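Fold and contact review
Listed here are the chains, written in short residue letters.
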Amino acid sequence: MARERIYLFDTTLRDGAQTNGVDFTLADKLAIAGMLDDLGIDYVEGGYPGANPTDTELFGKERKFGTTFTAFGMTRRPGRSASNDPGLAALLDAKASAICFVAKSWDYHVKVALETTNEENLASIRESVRAAKAKGREVLLDCEHFFDGYKANPKYALACAKAAYEEGARWVVLCDTNGGTLPDEVEKIVGEVVKAIPGDHIGIHAHNDTEQAVANSLAAVRAGARQIQGTLNGLGERCGNANLVSIIPTLKLKPEFAERFDIGVNEAALKKLAHVSHALDERLNRAPNRHAPYVGESAFATKAGIHASAILKDPATYEHVAPETVGNRRKVLVSEQAGKSNVLAELERVGIKADKDDPRVGRLLQIVKEREAIGYAYESADASFELLARRTLGKVPNYFDVTQFDVNVEQRNNAKGERVTVTMAVVKVKVGDDNLISAAEGNGPVNALDLALRKDLGKYQKYIAGLKLTDYRVRILNGGTEAVTRVLIESEDEQGERWTTVGVSPNIIDASFQALMDSIVFKLLKSRAPA
Ligand SMILES: [Zn+2]
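The rules behind the values
- Residues numbered from 1 in each chain as written.
- Predicted model: local features only at pLDDT ≥ 70, side-chain atom pairs only at ≥ 80, totals over all residues.
- Heavy atoms only, no water.
- Helix = DSSP H or I, 4+ residues; strand = E, 2+ residues; numbered from the N terminus.
- Expected span 1.5 Å × (residues − 1).
- Buried < 20%, exposed > 50% of the residue type's maximum accessible area, 1.4 Å probe, protein only.
- Arc of directions from axis to C-beta.
- Donors = N, O, S within 2.8 Å, 3.2 Å for Na, K, Ca; no water.
- 1 Å grid on protein atoms, 1.4 Å probe; cavity = no way out; pocket = protein on both sides within 12 Å on 5 of 7 lines; lining within 4 Å.
- Points joined across faces, edges and corners; volume = space filled by probe spheres on them.
- Axes fitted to C-alpha atoms, helices over the stretch in contact; angles between N-to-C directions.
- Parallel < 35°, antiparallel > 145°, perpendicular 65-115°, else oblique.
- Left-handed = near helix turned anticlockwise from the far one by under 90°.
- Contact = heavy atoms within 4.5 Å.
- Nonpolar A, V, L, I, M, F, W, Y, C, P; charged D, E, K, R; others polar.

Helix length check: helix 16 (residues 359–373), at 15 residues, gives a terminal C-alpha distance of 22 Å against a target of 21 Å (1.5 Å per residue), a fit within 8%. Of all the residues in helix 16, the buried ones are Val-361, Gly-362, Leu-364, Leu-365 and Val-368. Each buried residue of helix 16 sits inside an arc of 160° when the element is viewed along its axis, so together they form one side. Turned more than 90 degrees off the buried face of helix 16, the exposed positions are Pro-359 and Ala-373.

What follows covers the coordination of the zinc ion. Looking at the zinc ion, the protein donor atoms are Asp-15 (OD), His-205 (NE2) and His-207 (NE2), and they sit 1.9 to 2.1 Å from it. If you list the donors of the zinc ion from N- to C-terminus, the spacing comes out as D-x189-H-x1-H. Taken together, the positions of Asp-15 in the loop between strand 2 (7–10) and helix 1 (26–39) and His-205 in strand 8 (residues 202–206) put the pair 190 residues apart, joining distant regions of the chain. Taking the relative accessible area as the measure of exposure, Asp-15 reaches 5% and is therefore buried.

Attention now goes to helix 7 (residues 154–166). Helical geometry: 3.6 residues make up each α-helical turn, so side chains three or four residues apart lie on a common side. Its 13 residues give helix 7 an end-to-end C-alpha distance of 18 Å, which sits within 8% of 18 Å, the value for a rise of 1.5 Å per residue. Considered for burial, the residues of helix 7 that qualify are Tyr-156, Ala-157, Leu-158, Cys-160, Ala-161, Ala-163 and Ala-164. Just downstream of helix 7 lies Gly-168, where phi reads positive at about 100°.

Estimated volume of the second largest pocket: approximately 870 Å³. Ala-31, Met-35, Arg-283, Asp-382 and Arg-498 are, among the 28 residues lining the second largest pocket, the residues nearest its centre. Secondary structure elements with two or more residues in the lining of the second largest pocket: helix 1, helix 13 (273–283), helix 17 (382–393), strand 15 (482–492) and strand 16 (498–505). A total of seven residues in the lining of the second largest pocket trace back to one element, the largest contributor, which is helix 1.

Their axes nearest at 10 Å, the elements helix 17 and helix 20 (residues 508–526) cross at an angle of 70°. Between helix 17 and helix 20, the interaxial angle falls into the category roughly perpendicular. For the element pair helix 17 and helix 20, the recorded crossing hand is left-handed. Note on element contacts: helix 20 touches helix 17 through Asp-518, Val-521, Phe-522 and Leu-525, opposite Ala-383, Ser-384, Glu-386, Leu-387, Arg-390 and Arg-391. Tallied by class, the residues present in the contact of helix 17 with helix 20 amount to five nonpolar, one polar and four charged.

Next comes the structure, spelled out in C-alpha coordinates:
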(Lines give C-alpha, C1' and ligand atoms only; values in the text may rest on other atoms or scores of the structure.)
Protein backbone atom coordinates (compact mmCIF):
# COMPACT_ATOMS: atom_id res chain seq x y z
CA MET A 1 0.00 0.00 0.00
CA ALA A 2 1.36 3.43 -0.95
CA ARG A 3 2.16 5.61 2.03
CA GLU A 4 0.13 8.75 2.35
CA ARG A 5 1.44 12.14 3.36
CA ILE A 6 0.14 14.03 6.36
CA TYR A 7 0.92 17.74 6.36
CA LEU A 8 1.65 19.62 9.56
CA PHE A 9 0.56 23.22 9.96
CA ASP A 10 1.89 25.18 12.91
CA THR A 11 -0.05 28.13 14.26
CA THR A 12 2.04 28.86 17.38
CA LEU A 13 2.77 32.36 16.11
CA ARG A 14 -0.87 33.16 15.32
CA ASP A 15 -3.37 31.14 17.39
CA GLY A 16 -0.66 30.35 19.98
CA ALA A 17 -0.04 34.07 20.39
CA GLN A 18 -3.55 34.26 21.90
CA THR A 19 -2.26 32.51 25.04
CA ASN A 20 -2.64 34.57 28.20
CA GLY A 21 0.68 36.20 29.00
CA VAL A 22 2.31 35.38 25.67
CA ASP A 23 3.51 38.33 23.66
CA PHE A 24 5.88 37.50 20.83
CA THR A 25 8.33 40.08 19.56
CA LEU A 26 9.44 40.08 15.95
CA ALA A 27 12.71 38.45 17.06
CA ASP A 28 10.74 35.74 18.91
CA LYS A 29 8.63 35.05 15.85
CA LEU A 30 11.62 34.75 13.54
CA ALA A 31 13.48 32.48 15.95
CA ILE A 32 10.46 30.22 16.51
CA ALA A 33 9.69 30.07 12.79
CA GLY A 34 13.32 29.03 12.25
CA MET A 35 12.99 26.20 14.79
CA LEU A 36 9.75 24.98 13.18
CA ASP A 37 11.40 25.13 9.77
CA ASP A 38 14.35 23.05 11.01
CA LEU A 39 11.94 20.56 12.50
CA GLY A 40 10.33 19.97 9.11
CA ILE A 41 6.90 21.53 9.69
CA ASP A 42 5.18 21.99 6.31
CA TYR A 43 3.37 25.24 7.05
CA VAL A 44 4.23 27.96 9.55
CA GLU A 45 1.53 30.54 10.10
CA GLY A 46 3.37 33.70 11.10
CA GLY A 47 0.48 35.91 12.12
CA TYR A 48 -2.15 38.32 11.00
CA PRO A 49 -0.67 41.09 8.79
CA GLY A 50 -2.40 44.40 9.29
CA ALA A 51 -3.73 43.39 12.71
CA ASN A 52 -0.70 44.62 14.69
CA PRO A 53 2.66 46.28 13.97
CA THR A 54 4.73 43.13 14.71
CA ASP A 55 2.85 41.00 12.18
CA THR A 56 2.81 43.78 9.62
CA GLU A 57 6.60 44.05 9.93
CA LEU A 58 6.98 40.27 9.86
CA PHE A 59 5.16 40.04 6.54
CA GLY A 60 6.65 43.26 5.17
CA LYS A 61 9.79 41.47 4.06
CA GLU A 62 10.51 38.28 2.16
CA ARG A 63 11.49 35.64 4.78
CA LYS A 64 13.77 32.82 3.75
CA PHE A 65 12.23 29.64 5.07
CA GLY A 66 11.94 26.17 3.59
CA THR A 67 8.50 25.86 5.14
CA THR A 68 5.43 27.37 3.48
CA PHE A 69 5.25 30.66 5.34
CA THR A 70 1.59 31.53 5.76
CA ALA A 71 -0.33 34.73 6.50
CA PHE A 72 -3.68 34.63 8.27
CA GLY A 73 -6.65 36.91 7.82
CA MET A 74 -10.34 37.29 7.19
CA THR A 75 -12.22 36.80 3.97
CA ARG A 76 -13.57 40.01 2.48
CA ARG A 77 -16.11 41.80 4.58
CA PRO A 78 -19.79 41.39 3.74
CA GLY A 79 -21.14 44.04 1.43
CA ARG A 80 -17.72 44.95 0.03
CA SER A 81 -16.06 43.85 -3.14
CA ALA A 82 -12.81 41.92 -2.87
CA SER A 83 -10.97 44.80 -4.54
CA ASN A 84 -12.36 47.34 -2.08
CA ASP A 85 -11.50 45.77 1.27
CA PRO A 86 -8.41 47.18 3.03
CA GLY A 87 -8.09 44.12 5.29
CA LEU A 88 -8.04 41.75 2.34
CA ALA A 89 -5.66 44.05 0.48
CA ALA A 90 -3.16 43.98 3.39
CA LEU A 91 -3.36 40.19 3.41
CA LEU A 92 -2.82 39.93 -0.34
CA ASP A 93 0.21 42.24 -0.05
CA ALA A 94 1.80 40.15 2.70
CA LYS A 95 5.09 38.50 1.76
CA ALA A 96 3.92 34.95 2.30
CA SER A 97 3.64 31.91 0.04
CA ALA A 98 0.26 30.91 1.42
CA ILE A 99 -2.80 32.65 2.78
CA CYS A 100 -5.06 31.09 5.35
CA PHE A 101 -8.48 32.72 5.40
CA VAL A 102 -10.87 32.33 8.26
CA ALA A 103 -14.59 32.30 7.53
CA LYS A 104 -17.77 31.48 9.37
CA SER A 105 -19.32 28.12 8.57
CA TRP A 106 -22.08 28.10 11.19
CA ASP A 107 -25.21 29.80 9.88
CA TYR A 108 -26.05 31.04 13.39
CA HIS A 109 -22.74 32.97 13.50
CA VAL A 110 -23.27 34.28 9.99
CA LYS A 111 -26.54 35.79 11.13
CA VAL A 112 -25.60 36.95 14.64
CA ALA A 113 -21.89 37.84 14.40
CA LEU A 114 -21.53 38.79 10.73
CA GLU A 115 -25.08 40.13 10.42
CA THR A 116 -25.26 39.03 6.83
CA THR A 117 -26.94 36.37 4.72
CA ASN A 118 -25.75 32.81 4.11
CA GLU A 119 -25.38 33.59 0.41
CA GLU A 120 -23.26 36.68 1.02
CA ASN A 121 -20.95 34.66 3.31
CA LEU A 122 -20.50 32.03 0.58
CA ALA A 123 -19.79 34.75 -1.97
CA SER A 124 -17.20 36.26 0.38
CA ILE A 125 -15.45 32.87 0.67
CA ARG A 126 -15.44 32.32 -3.09
CA GLU A 127 -14.22 35.79 -3.99
CA SER A 128 -11.51 35.86 -1.32
CA VAL A 129 -10.11 32.47 -2.39
CA ARG A 130 -10.23 33.59 -6.00
CA ALA A 131 -8.41 36.86 -5.22
CA ALA A 132 -5.62 35.07 -3.35
CA LYS A 133 -5.27 32.45 -6.10
CA ALA A 134 -5.03 35.24 -8.66
CA LYS A 135 -2.11 36.62 -6.62
CA GLY A 136 -0.38 33.25 -6.98
CA ARG A 137 -0.80 32.20 -3.35
CA GLU A 138 -1.55 28.76 -2.03
CA VAL A 139 -4.88 29.14 -0.27
CA LEU A 140 -6.33 27.61 2.87
CA LEU A 141 -9.72 28.24 4.40
CA ASP A 142 -10.25 27.83 8.14
CA CYS A 143 -13.93 27.01 8.61
CA GLU A 144 -14.63 28.54 11.99
CA HIS A 145 -17.00 26.64 14.31
CA PHE A 146 -17.25 23.94 11.65
CA PHE A 147 -18.27 21.09 13.96
CA ASP A 148 -20.87 23.09 15.91
CA GLY A 149 -22.06 24.52 12.60
CA TYR A 150 -22.28 21.06 11.06
CA LYS A 151 -24.36 19.80 13.97
CA ALA A 152 -26.75 22.75 13.56
CA ASN A 153 -26.92 22.88 9.76
CA PRO A 154 -24.81 20.27 7.97
CA LYS A 155 -25.81 21.46 4.53
CA TYR A 156 -24.65 25.00 5.10
CA ALA A 157 -21.39 24.08 6.88
CA LEU A 158 -20.54 21.80 3.99
CA ALA A 159 -21.50 24.46 1.45
CA CYS A 160 -18.90 26.82 3.00
CA ALA A 161 -16.21 24.15 2.80
CA LYS A 162 -17.13 23.25 -0.76
CA ALA A 163 -17.19 26.88 -1.87
CA ALA A 164 -13.52 27.20 -0.96
CA TYR A 165 -12.54 23.83 -2.42
CA GLU A 166 -14.31 24.49 -5.69
CA GLU A 167 -12.53 27.83 -6.04
CA GLY A 168 -9.23 25.98 -5.77
CA ALA A 169 -8.31 26.29 -2.09
CA ARG A 170 -5.54 23.74 -1.43
CA TRP A 171 -6.90 23.02 2.04
CA VAL A 172 -10.25 23.33 3.73
CA VAL A 173 -9.60 23.24 7.47
CA LEU A 174 -12.34 22.12 9.81
CA CYS A 175 -12.07 24.06 13.07
CA ASP A 176 -13.37 23.00 16.43
CA THR A 177 -13.23 26.61 17.55
CA ASN A 178 -14.97 26.15 20.91
CA GLY A 179 -13.03 22.96 21.52
CA GLY A 180 -16.00 21.04 22.87
CA THR A 181 -16.35 18.34 20.22
CA LEU A 182 -15.44 14.78 21.21
CA PRO A 183 -13.29 12.37 19.16
CA ASP A 184 -16.14 10.10 18.01
CA GLU A 185 -18.09 13.14 16.76
CA VAL A 186 -15.03 14.47 14.95
CA GLU A 187 -14.43 11.12 13.29
CA LYS A 188 -18.06 10.85 12.19
CA ILE A 189 -18.34 14.40 10.84
CA VAL A 190 -14.97 14.33 9.04
CA GLY A 191 -16.08 11.00 7.57
CA GLU A 192 -19.13 12.77 6.12
CA VAL A 193 -17.11 15.71 4.79
CA VAL A 194 -14.60 13.54 2.91
CA LYS A 195 -17.48 12.15 0.85
CA ALA A 196 -17.85 15.64 -0.64
CA ILE A 197 -14.24 16.91 -0.55
CA PRO A 198 -11.21 14.59 -0.92
CA GLY A 199 -9.48 13.96 2.43
CA ASP A 200 -6.13 15.09 1.07
CA HIS A 201 -7.64 18.57 0.93
CA ILE A 202 -9.07 18.47 4.45
CA GLY A 203 -7.37 19.77 7.59
CA ILE A 204 -8.27 19.66 11.27
CA HIS A 205 -7.84 22.54 13.72
CA ALA A 206 -8.72 21.41 17.23
CA HIS A 207 -8.84 23.30 20.51
CA ASN A 208 -8.21 21.59 23.79
CA ASP A 209 -11.22 22.49 25.91
CA THR A 210 -11.99 18.89 26.81
CA GLU A 211 -8.29 17.96 26.74
CA GLN A 212 -8.85 15.97 23.57
CA ALA A 213 -7.38 18.24 20.92
CA VAL A 214 -4.68 15.66 20.15
CA ALA A 215 -7.22 12.82 20.13
CA ASN A 216 -9.54 14.88 17.93
CA SER A 217 -6.73 15.56 15.47
CA LEU A 218 -5.89 11.86 15.25
CA ALA A 219 -9.59 10.98 14.92
CA ALA A 220 -9.81 13.35 11.96
CA VAL A 221 -6.82 11.65 10.34
CA ARG A 222 -8.47 8.26 10.86
CA ALA A 223 -11.54 9.60 9.07
CA GLY A 224 -9.47 10.87 6.14
CA ALA A 225 -8.17 14.38 6.93
CA ARG A 226 -4.56 14.88 5.83
CA GLN A 227 -3.54 18.14 7.42
CA ILE A 228 -3.19 18.77 11.15
CA GLN A 229 -3.01 22.25 12.61
CA GLY A 230 -1.56 22.76 16.05
CA THR A 231 0.95 24.63 18.17
CA LEU A 232 4.18 23.95 20.02
CA ASN A 233 3.49 22.83 23.58
CA GLY A 234 -0.24 23.24 22.90
CA LEU A 235 -0.07 27.02 23.19
CA GLY A 236 -3.35 28.79 22.52
CA GLU A 237 -6.14 30.72 24.18
CA ARG A 238 -8.20 29.18 26.99
CA CYS A 239 -7.01 25.55 27.24
CA GLY A 240 -4.81 25.73 24.17
CA ASN A 241 -4.62 24.20 20.71
CA ALA A 242 -3.74 20.67 19.63
CA ASN A 243 -0.18 20.06 20.81
CA LEU A 244 2.11 19.28 17.87
CA VAL A 245 4.79 18.18 20.31
CA SER A 246 2.55 15.23 21.22
CA ILE A 247 1.11 14.70 17.74
CA ILE A 248 4.44 14.51 15.91
CA PRO A 249 5.94 11.58 17.86
CA THR A 250 2.59 9.79 17.84
CA LEU A 251 2.52 9.96 14.04
CA LYS A 252 6.18 8.94 13.82
CA LEU A 253 6.33 6.20 16.43
CA LYS A 254 2.91 4.58 16.75
CA PRO A 255 2.50 1.82 14.15
CA GLU A 256 -1.15 2.68 13.41
CA PHE A 257 0.08 5.97 11.91
CA ALA A 258 3.78 5.31 11.27
CA GLU A 259 3.06 2.38 8.96
CA ARG A 260 0.57 4.30 6.82
CA PHE A 261 1.78 7.88 6.77
CA ASP A 262 4.81 10.04 6.11
CA ILE A 263 5.31 13.48 7.65
CA GLY A 264 7.88 16.17 6.98
CA VAL A 265 9.67 15.53 10.28
CA ASN A 266 12.47 12.98 9.85
CA GLU A 267 14.11 10.80 12.53
CA ALA A 268 16.98 13.23 13.07
CA ALA A 269 14.59 16.16 13.53
CA LEU A 270 12.41 14.11 15.87
CA LYS A 271 15.43 13.81 18.16
CA LYS A 272 15.40 17.60 18.51
CA LEU A 273 11.76 17.67 19.63
CA ALA A 274 12.46 17.88 23.38
CA HIS A 275 14.97 20.63 22.73
CA VAL A 276 12.51 22.62 20.61
CA SER A 277 9.80 22.26 23.24
CA HIS A 278 12.08 23.42 26.07
CA ALA A 279 13.63 26.22 24.04
CA LEU A 280 10.15 27.63 23.42
CA ASP A 281 9.42 27.64 27.15
CA GLU A 282 12.74 29.32 27.91
CA ARG A 283 11.85 31.98 25.38
CA LEU A 284 8.45 32.45 27.02
CA ASN A 285 10.25 32.66 30.34
CA ARG A 286 8.28 29.84 31.88
CA ALA A 287 9.19 26.50 33.34
CA PRO A 288 8.72 23.56 30.96
CA ASN A 289 5.94 21.17 31.97
CA ARG A 290 7.81 18.30 33.63
CA HIS A 291 4.92 15.97 32.89
CA ALA A 292 4.56 16.81 29.21
CA PRO A 293 4.12 13.58 27.18
CA TYR A 294 7.23 12.51 25.27
CA VAL A 295 9.34 15.58 26.07
CA GLY A 296 8.76 16.35 29.78
CA GLU A 297 11.55 15.82 32.24
CA SER A 298 9.40 13.21 33.97
CA ALA A 299 8.06 11.55 30.82
CA PHE A 300 10.59 8.74 31.17
CA ALA A 301 11.39 9.07 34.85
CA THR A 302 10.72 6.06 37.02
CA LYS A 303 11.06 5.94 40.76
CA ALA A 304 13.54 3.42 42.02
CA GLY A 305 12.17 0.04 43.07
CA ILE A 306 10.90 -2.92 41.14
CA HIS A 307 10.25 -0.77 38.07
CA ALA A 308 13.77 0.57 38.04
CA SER A 309 15.35 -2.86 38.20
CA ALA A 310 13.06 -4.09 35.42
CA ILE A 311 13.99 -1.07 33.33
CA LEU A 312 17.62 -1.87 33.91
CA LYS A 313 17.03 -5.32 32.46
CA ASP A 314 14.93 -4.13 29.53
CA PRO A 315 13.81 -0.50 29.07
CA ALA A 316 10.92 -1.57 26.82
CA THR A 317 9.18 -3.10 29.84
CA TYR A 318 8.14 0.27 31.22
CA GLU A 319 8.49 2.67 28.30
CA HIS A 320 5.96 3.10 25.49
CA VAL A 321 8.63 4.51 23.17
CA ALA A 322 12.39 4.92 23.48
CA PRO A 323 13.11 8.36 25.04
CA GLU A 324 16.08 9.03 22.74
CA THR A 325 13.79 9.01 19.69
CA VAL A 326 12.32 12.35 20.79
CA GLY A 327 15.52 13.70 22.31
CA ASN A 328 14.46 12.96 25.86
CA ARG A 329 16.27 10.80 28.38
CA ARG A 330 15.51 8.00 30.78
CA LYS A 331 15.66 9.36 34.31
CA VAL A 332 16.24 6.39 36.53
CA LEU A 333 19.19 5.26 34.53
CA VAL A 334 21.09 8.47 34.14
CA SER A 335 24.12 6.25 33.90
CA GLU A 336 27.41 7.82 32.94
CA GLN A 337 26.91 6.38 29.46
CA ALA A 338 23.38 7.73 28.91
CA GLY A 339 24.33 11.18 30.19
CA LYS A 340 27.42 11.18 28.05
CA SER A 341 25.57 10.45 24.83
CA ASN A 342 23.30 13.34 25.72
CA VAL A 343 26.22 15.71 26.08
CA LEU A 344 27.73 14.33 22.85
CA ALA A 345 24.47 15.09 21.05
CA GLU A 346 24.53 18.63 22.45
CA LEU A 347 28.13 19.05 21.29
CA GLU A 348 27.20 17.91 17.84
CA ARG A 349 24.32 20.41 17.82
CA VAL A 350 26.69 23.33 18.43
CA GLY A 351 29.25 21.92 16.01
CA ILE A 352 31.98 20.63 18.32
CA LYS A 353 33.55 17.30 17.49
CA ALA A 354 34.41 15.14 20.49
CA ASP A 355 35.38 11.56 21.11
CA LYS A 356 33.02 9.70 23.41
CA ASP A 357 35.93 8.11 25.26
CA ASP A 358 37.58 11.44 25.91
CA PRO A 359 37.64 11.85 29.73
CA ARG A 360 36.98 15.56 29.26
CA VAL A 361 33.49 14.72 27.93
CA GLY A 362 32.78 13.04 31.27
CA ARG A 363 34.05 16.11 33.07
CA LEU A 364 31.86 18.38 30.94
CA LEU A 365 28.84 16.21 31.77
CA GLN A 366 29.64 16.58 35.47
CA ILE A 367 29.91 20.36 35.20
CA VAL A 368 26.68 20.66 33.18
CA LYS A 369 24.83 18.53 35.76
CA GLU A 370 26.13 20.63 38.66
CA ARG A 371 25.29 23.87 36.93
CA GLU A 372 21.81 22.77 35.87
CA ALA A 373 21.17 21.76 39.46
CA ILE A 374 21.78 25.34 40.60
CA GLY A 375 19.62 26.89 37.89
CA TYR A 376 21.59 27.21 34.66
CA ALA A 377 19.53 26.38 31.57
CA TYR A 378 21.50 25.38 28.52
CA GLU A 379 18.57 24.30 26.34
CA SER A 380 18.26 27.77 24.88
CA ALA A 381 21.57 29.29 25.97
CA ASP A 382 23.54 27.64 23.18
CA ALA A 383 26.33 30.18 23.30
CA SER A 384 26.96 29.67 27.02
CA PHE A 385 26.93 25.91 26.50
CA GLU A 386 29.39 26.20 23.65
CA LEU A 387 31.74 28.36 25.73
CA LEU A 388 31.52 25.96 28.66
CA ALA A 389 32.20 23.04 26.33
CA ARG A 390 35.12 24.74 24.62
CA ARG A 391 36.59 25.76 27.97
CA THR A 392 36.33 22.21 29.25
CA LEU A 393 37.39 20.40 26.08
CA GLY A 394 39.98 22.79 24.80
CA LYS A 395 40.78 26.37 25.22
CA VAL A 396 39.03 29.69 25.09
CA PRO A 397 41.51 32.57 25.08
CA ASN A 398 41.45 34.86 28.08
CA TYR A 399 40.85 37.98 26.01
CA PHE A 400 40.38 40.35 28.91
CA ASP A 401 39.74 40.50 32.64
CA VAL A 402 37.16 42.62 34.37
CA THR A 403 39.14 43.50 37.48
CA GLN A 404 36.35 45.48 39.11
CA PHE A 405 32.92 46.86 38.48
CA ASP A 406 30.69 49.17 40.41
CA VAL A 407 27.02 49.86 39.78
CA ASN A 408 25.34 52.76 41.49
CA VAL A 409 21.60 53.40 41.64
CA GLU A 410 20.57 56.73 43.00
CA GLN A 411 17.19 58.37 43.49
CA ARG A 412 17.12 62.12 43.91
CA ASN A 413 15.49 65.37 42.77
CA ASN A 414 16.81 66.78 39.51
CA ALA A 415 17.25 70.47 38.72
CA LYS A 416 13.53 70.79 37.94
CA GLY A 417 12.65 69.28 41.27
CA GLU A 418 11.44 66.01 39.73
CA ARG A 419 12.13 62.72 41.40
CA VAL A 420 14.47 60.68 39.14
CA THR A 421 16.36 57.43 39.43
CA VAL A 422 19.81 57.55 37.91
CA THR A 423 22.07 54.56 37.42
CA MET A 424 25.72 54.58 36.59
CA ALA A 425 28.27 51.81 36.15
CA VAL A 426 32.05 51.93 36.22
CA VAL A 427 34.01 49.00 34.85
CA LYS A 428 37.75 48.38 35.11
CA VAL A 429 39.09 46.09 32.40
CA LYS A 430 42.56 44.69 31.83
CA VAL A 431 43.32 43.95 28.18
CA GLY A 432 46.87 42.65 27.85
CA ASP A 433 48.97 45.25 29.64
CA ASP A 434 46.39 48.00 29.30
CA ASN A 435 44.19 48.97 32.21
CA LEU A 436 41.02 50.61 30.95
CA ILE A 437 38.26 52.34 32.87
CA SER A 438 34.84 53.03 31.40
CA ALA A 439 31.76 54.60 32.88
CA ALA A 440 28.24 54.77 31.51
CA GLU A 441 24.79 55.85 32.58
CA GLY A 442 21.85 53.64 31.76
CA ASN A 443 18.11 53.38 32.21
CA GLY A 444 18.75 50.63 34.76
CA PRO A 445 21.69 48.92 36.47
CA VAL A 446 22.03 46.13 33.89
CA ASN A 447 21.80 48.55 30.99
CA ALA A 448 24.46 50.82 32.56
CA LEU A 449 26.74 47.85 33.23
CA ASP A 450 26.31 46.60 29.68
CA LEU A 451 27.08 50.01 28.19
CA ALA A 452 30.16 50.51 30.38
CA LEU A 453 31.44 47.01 29.68
CA ARG A 454 31.19 47.43 25.93
CA LYS A 455 32.42 51.03 25.81
CA ASP A 456 36.14 50.32 25.60
CA LEU A 457 37.66 46.90 25.17
CA GLY A 458 40.86 48.32 23.70
CA LYS A 459 42.11 46.27 20.77
CA TYR A 460 38.95 44.12 20.87
CA GLN A 461 36.56 47.03 20.55
CA LYS A 462 36.27 46.67 16.77
CA TYR A 463 35.04 43.07 17.13
CA ILE A 464 32.15 44.02 19.40
CA ALA A 465 31.18 47.28 17.72
CA GLY A 466 28.24 45.62 15.94
CA LEU A 467 27.09 43.67 19.00
CA LYS A 468 23.73 44.55 20.49
CA LEU A 469 21.41 43.05 23.05
CA THR A 470 18.06 42.12 21.60
CA ASP A 471 16.40 40.48 24.56
CA TYR A 472 16.82 40.20 28.31
CA ARG A 473 14.79 37.75 30.37
CA VAL A 474 14.80 37.20 34.09
CA ARG A 475 13.39 34.37 36.12
CA ILE A 476 13.43 33.89 39.84
CA LEU A 477 13.98 30.24 40.68
CA ASN A 478 13.17 28.81 44.06
CA GLY A 479 16.01 26.42 44.58
CA GLY A 480 16.62 25.13 48.09
CA THR A 481 16.81 27.72 50.86
CA GLU A 482 17.17 30.89 48.82
CA ALA A 483 15.82 32.24 45.57
CA VAL A 484 18.27 32.56 42.72
CA THR A 485 17.93 34.65 39.60
CA ARG A 486 18.44 33.28 36.13
CA VAL A 487 19.15 35.78 33.39
CA LEU A 488 18.99 34.93 29.70
CA ILE A 489 20.41 37.45 27.27
CA GLU A 490 19.94 37.33 23.54
CA SER A 491 22.51 39.14 21.42
CA GLU A 492 22.78 39.94 17.77
CA ASP A 493 25.77 40.88 15.63
CA GLU A 494 26.20 43.02 12.54
CA GLN A 495 25.36 40.03 10.34
CA GLY A 496 22.06 39.43 12.08
CA GLU A 497 23.28 36.25 13.74
CA ARG A 498 21.79 35.66 17.19
CA TRP A 499 22.88 33.77 20.26
CA THR A 500 21.72 33.37 23.84
CA THR A 501 23.75 33.32 27.04
CA VAL A 502 22.84 32.56 30.63
CA GLY A 503 23.88 33.70 34.08
CA VAL A 504 22.71 32.50 37.50
CA SER A 505 23.22 34.09 40.89
CA PRO A 506 21.25 35.18 43.95
CA ASN A 507 22.19 38.69 42.80
CA ILE A 508 20.53 39.88 39.58
CA ILE A 509 23.43 42.19 38.64
CA ASP A 510 25.89 39.35 39.04
CA ALA A 511 23.72 36.96 36.98
CA SER A 512 23.40 39.62 34.28
CA PHE A 513 27.14 40.25 34.34
CA GLN A 514 27.87 36.55 33.72
CA ALA A 515 25.49 36.45 30.76
CA LEU A 516 26.93 39.71 29.35
CA MET A 517 30.49 38.40 29.69
CA ASP A 518 29.57 35.16 27.93
CA SER A 519 27.95 37.10 25.13
CA ILE A 520 31.04 39.29 24.55
CA VAL A 521 33.51 36.39 24.77
CA PHE A 522 31.34 34.33 22.43
CA LYS A 523 31.36 37.19 19.92
CA LEU A 524 35.16 37.50 20.12
CA LEU A 525 35.53 33.75 19.65
CA LYS A 526 33.11 33.77 16.72
CA SER A 527 34.97 36.66 15.10
CA ARG A 528 38.27 34.83 15.60
CA ALA A 529 39.72 37.76 17.50
CA PRO A 530 43.43 37.11 18.15
CA ALA A 531 44.14 36.09 21.75
ZN1 LIG B 1 -8.05 28.34 16.69
